[in-house]
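# Topology and contacts: notes
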Amino acid sequence: MAAASSSDSDSGRAESNEASSKWLDAHYDPMANIHTFSACLALADLHGDGEYKLVVGDLGPGGQQPRLKVLKGPAVLSESPLPALPAAAVTFLMEQHEPRTPALALASGPCVYVYKNLRPYFKFSLPQLPPNPLEQDLWNQAKEDRIDPLTLKEMLEGIREKAEVPLSVQSLRFLQLELSEMEAFVNQHKSKSIKRQTVITTMTTLKKNLADEDAVSCLVLGTESKELLVLDPEAFTILAKMSLPSVPVFLEVSGQFDVEFRLAAACRNGNIYMLRRDSKRPKYCIELSAQPVGLVRVHKVLVVGSNQDSLHGFTHKGKRLWTVQMPAAILTMNLLEQCSRGLQAVMAGLANGEVRIYHDKALLNVIRTPDAVTSLCFGRYGREDNTLIMTTRGGGLIIKILKRTAVFAERAGEAGPPPAQAVKLNVPRKTRLYVDQTLREREAGTAMHRTFQADLYLLRLRAARAYVQALESSLSPVSATAREPLKLHAVVQGLGPTFKLTLHLQNTSTARPILGLLVCFLYNEVLYALPRAFFKVPLLVPGLSYPLETFVESLSDKGISDIIKVLVLREGQSAPLLSAHINMPMSEGLAAA
């Protein structure tokens, strides 16, 4: 009975964990024999039938030949051998013609193999590099039997240590041979010309002229010769070439090639370089304190994983936004994009068997796997929109489907932006009126600017004239003369019909007192009555504010209010030193009566 109760509790706990999880376990095969990394995984509708397949560039461990595998569901649909280890696999649209089936590009060695309908379509090879002239001269001497193989080896080793231009594959193979094999190798290859061929290290896609999901895309290649190449999607010619200080290993691209684009390249020297459309060299550089192990762009933030077990968020100009420490080493990274909810997040596979999902620095979800995950891919698979595909270190395949009711909520205590920030705005389409106004502004931009400048100068002139007029007529509450530096402001208190009027008069000079001032009130005698409409001001000491109080009685019972003018004068002068206009409130006492 006890054993039965414990088994029932275990099964109930498993069912509750399954119910609380955001993922459905679709498939797990620990013996799938798939060994790859995230750059060699791609999801695409290769046949145009609405059924998305998984493309895998398998590394073929244990002496096996690398292979290109295509999976439909949990089963392998097709396999084909590869001549070298795959570096990256992407799917892209080459042309606008119907049917709109994407092509598959697989980078392997110095070539890009393009497949359409899973059949070989085109092979692009990187252009050869000029060989080292010293190396060329040594092989020419060996061809004429002027040097022996041992001397050739010593001189090639010296070139390899000091020369900036690396040796060719032929010379590198020769240096690895035993002494007994060198002479046969030289006799076999001395008549062949020296060729220095670079290889592809990373690859991604860049939209050509439209930002639509089904728009034509270009291929962007990173090479071992520290270069970035942009290929035309139809003719496969080199559209642009950019140089980097180091070998690129991860690429992230945004924008369109014909309009404007940004390119971020993480390199082996531990730096991330930013390039734009017209720049042949990097525009910005992000210096990391450790080697990058992954690069993902989330909206406008570059998320970088380092081998110091941490995630970093950077702007495109290199400003560090945040850092999150991981509990274990990061093995792989990729983007999780849930289009139905407008969510973009980063997936990080860790060495402790966890897959962590982050939105900025906020932890959204943790997936625990039986083995460490070495590659991740999220997208539409089969007919399910939100499918997560993982391969493990032991060659296993894990497929999980995100529940349609699942909502990623930020964990408590994790700082991050509000959820509303991830919601995409419903930007309206450009109307005909907007387009017409834009064209008009382009055509008449100079005339509009001149009109604006003329109106601005006229406004400044009117303001200056009004200011001069206020100074000349002493309409300002602050005195403009240096002899009597005064400041005046008034306060009205009361509900009516009797108001208390307090004038605050201040001498703003630093050391000189002012004497012989008068205060005069000008008002409508039909509406108001003042017991003192004219009085003398006592001596004003510098820096002190003097309150001068009087009472105003409202005589009208019709709820009418008017302006009372306050003038500060000097004895013997008719022009006021300063003035103030007081807007009297309505008498609420008379109105209530």
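Here, residues in each chain are numbered from 1, in the same order as that chain's written sequence. Selection of residues for local features in this predicted model requires a pLDDT of at least 70, selection of side-chain atom pairs for listing and counting requires 80 or more, and totals for whole chains, interfaces and linings are taken over all residues. The side-chain numbers reported here are obtained from all heavy atoms of the structure, hydrogens and water having been left aside.

### Re the overall build of the protein
Put simply, the rule is: Strands here mean DSSP runs of E at least two residues long; helices mean DSSP runs of H or I at least four residues long; both are numbered from the N terminus. For the radius of gyration, the atoms used are the C-alpha atoms, and the globule rule reads 2.2 Å times the number of residues raised to 0.38. Note on classification: 1.4 Å probe, protein chains only; a residue is buried when its accessible area is under 20% of the maximum for its type, exposed when over 50%, partly exposed between these limits. Note on contacts: a residue pair qualifies if any of its non-hydrogen atoms lie within 4.5 Å across the two residues. Values of accessible area rely on a 1.4 Å probe in the Shrake-Rupley scheme; residue burial ignores everything except the protein chains shown. When charges are counted, Lys and Arg contribute as positive and Asp and Glu as negative, whereas His and the chain ends are disregarded. We put the charge of a Lys on NZ, of an Arg on CZ, of an Asp on CG and of a Glu on CD.
The number of helices and strands found in the protein is eight helices and 36 strands. In terms of C-alpha radius of gyration, the protein reaches 40 Å, well past the compact-globule figure of 25 Å for 593 residues. Along the first, second and third principal axes, the C-alpha atoms of the protein reach 125 × 85 × 50 Å. In the protein, which comprises 593 residues, the share counted as buried stands at 43%. Considering only intrachain contacts with a sequence separation of at least 6, the fraction spanning at least 24 residues in the protein is 49%. Per element, the accessible surface of the protein, about 32,000 Å² overall, is 53% carbon and sulfur. Charge centroids of the protein, computed over 66 positive and 59 negative side chains, lie 5 Å from each other.

### Considerations on empty space enclosed by the protein
To keep things clear, this is the line we draw: Residues are said to line a cavity or pocket when one of their atoms sits within 4 Å of a point; the points come from a 1 Å grid over protein atoms alone, cavities being sets where a 1.4 Å probe fits but cannot get out and pockets being open sets with protein on both sides within 12 Å along at least five of seven lines. Grid points are joined across faces, edges and corners, and a volume is the space filled by probe spheres set on the points. Side-chain classes are defined by residue name, with Ala, Val, Leu, Ile, Met, Phe, Trp, Tyr, Cys and Pro counting as nonpolar, Asp, Glu, Lys and Arg as charged, and the others, Gly among them, as polar.
With the rule as written, the count across this model stands at two cavities of 30 Å³ or more. There is about 50 Å³ of room inside the largest cavity. Phe92, Leu93, Met94, Glu95, His97, Pro99, Arg100, Thr101, Pro102, Ala103 and Lys116 are the residues that line the largest cavity. Residue composition of the lining of the largest cavity, by class: six nonpolar, two polar and three charged. Size it by volume and the second largest cavity reaches roughly 40 Å³. Around the second largest cavity sit Arg262, Met274, Leu275, Arg276, Lys283, Tyr284 and His316, which together line it. With three residues, strand S16 (residues 271-276) is the single largest residue contributor to the lining of the second largest cavity.

### With respect to the pairing of strand S29 (residues 486-493)
To keep it simple, the criterion reads: Strands are labelled as partners when DSSP assigns at least two bridges between them.
In the sheet, S29 pairs with strand S30 (residues 498-507) via eight bridges, with the strands oriented antiparallel. Pairing of Lys487 across the sheet is with Gln506, part of S30. Linking S29 to S30, which pair antiparallel, is a turn of four residues; within it Gly494 sits at a positive phi near 120°.

### Here's the deal with the sheet that holds S30
As summarised here, the arrangement of the four strands in space is S29-S30-S34-S32, forming an open sheet in which the pairing is antiparallel. The sheet is open, and its two borders are formed by S29 and strand S32 (528-529), each paired with just one other strand. Across two bridges, S32 lies against strand S34 (residues 545-554) in antiparallel orientation. Within S34, the residue paired with Ala529 across the bridge is Glu553.

### Some remarks on the packing of aromatic side chains
The way to describe two aromatic rings as a pair is by their centre distance and the angle between their planes. Keep this limit in mind: Put simply, two rings from Phe, Tyr or Trp (the six-membered ring, in Trp's case) pair if the centres are within 6.5 Å, and we call them stacked under 30 degrees between planes, edge-to-face over 60, tilted for the rest. Cation placement over rings: the criterion is NZ of Lys or CZ of Arg within 6 Å of the ring centroid and within 35° of the ring normal.
Across all of its chains, the model carries four aromatic pairs by this definition. Between the aromatic rings of Phe257 and Phe261, the centroid separation amounts to 5.8 Å while the plane-to-plane angle is 20°, which identifies the pairing as stacked. An identical accessibility class is assigned to Phe257 and Phe261; each is buried. The interplanar angle of 45° and the centroid separation of 6.0 Å between the aromatic rings of Phe521 and Phe535 together place this pair among those described as tilted. One end of the pair, Phe521, is in strand S31 (residues 517-522); the other, Phe535, is in strand S33 (residues 534-537), and 14 residues separate them in sequence. The exposure class assigned to Phe521 is buried, which follows from its relative accessible area of 4%. Look at Phe535 and you get buried, because its relative accessible area is 7%. The lysine or arginine in question, Lys116, covers the ring of Tyr121, its NZ or CZ lying 5.7 Å from the ring centre. Taking NZ or CZ as reference, Arg277 lies 5.9 Å from the ring centre of Phe257, over its face.

### Overview of the pairing of strand S35 (residues 563-570)
For S35, the buried fraction is high: six of the eight residues fall into the buried class. The pairing of S31 with S35 spans six bridges and is antiparallel. Within S35, the residue paired with Cys520 across the bridge is Leu567. Both S35 and strand S36 (residues 578-583) contribute to a ladder of six bridges, which runs antiparallel. Each bridged residue has a counterpart across the sheet, and for Leu567 the counterpart in S36 is Ser579.

### Structural notes on the pattern of salt bridges
A side chain of one charge can pair with a side chain of the opposite charge if their charged atoms are brought near each other. Applicable threshold: Salt bridges are counted wherever a side-chain nitrogen of Lys or Arg sits within 4 Å of a carboxyl oxygen of Asp or Glu.
Tallied over the entire structure, the rule returns 16 salt bridges. Glu51 is paired through a salt bridge with Arg383; the nearest N and O atoms lie 3.3 Å apart. Placement of Glu51 in the loop between strand S2 (41-44) and strand S3 (53-58) and of Arg383 in the loop between strand S26 (373-381) and strand S27 (384-392) is noted, with a sequence separation of 332 residues between them. With a relative accessible area of 19%, Glu51 lands in the buried category. Residues Arg404 and Glu384 are paired through a salt bridge, measuring 3.4 Å at the closest nitrogen-oxygen approach.

### So, the sheet that holds strand S6 (residues 86-92)
This is how the line gets drawn: Note on geometry: axes are lines fitted to C-alpha atoms, helical ones only across the stretch in contact, with angles between N-to-C directions running from 0 to 180 degrees.
The antiparallel open sheet is built from four strands, whose spatial order is S6-S7-S8-S9. Each end of this open sheet is capped by a strand with a single partner; those strands are S6 and strand S9 (119-125). Taking each pair of neighbouring strands and ignoring which way they run, the sheet shows an average axis angle of 20°.

### A short note on the side chain of Ser108
Cut-off, in case you're wondering: Polar contact criterion, stated in full: a pair of N or O atoms within 3.5 Å, where within protein one must be able to donate a hydrogen and the other to accept it, and residues adjacent in sequence count only if both atoms are side-chain atoms.
Residue placement: Ser108 occurs in strand S7 (residues 103-108). Classification of Ser108 by relative accessible area gives buried; the value is 1%. One polar contact links the side chain of Ser108 to the main-chain carbonyl oxygen of Leu85, over a distance of 3.4 Å. Residues contacting Ser108, with those up to four places away along its chain left out, are Ala84, Leu85, Pro86 and Tyr113.

### Quick look at the environment of Ser171
As for its position among the elements, Ser171 is in helix H4 (residues 169-175). Residue classification places Ser171 among the buried positions, given a relative accessible area of 0%. Along the chain, Ser171 and His189 lie 18 residues apart, while their C-alpha atoms are 9.9 Å from each other. Residues within four places of Ser171 in sequence aside, it is in contact with Glu135, Trp139 and Leu156.

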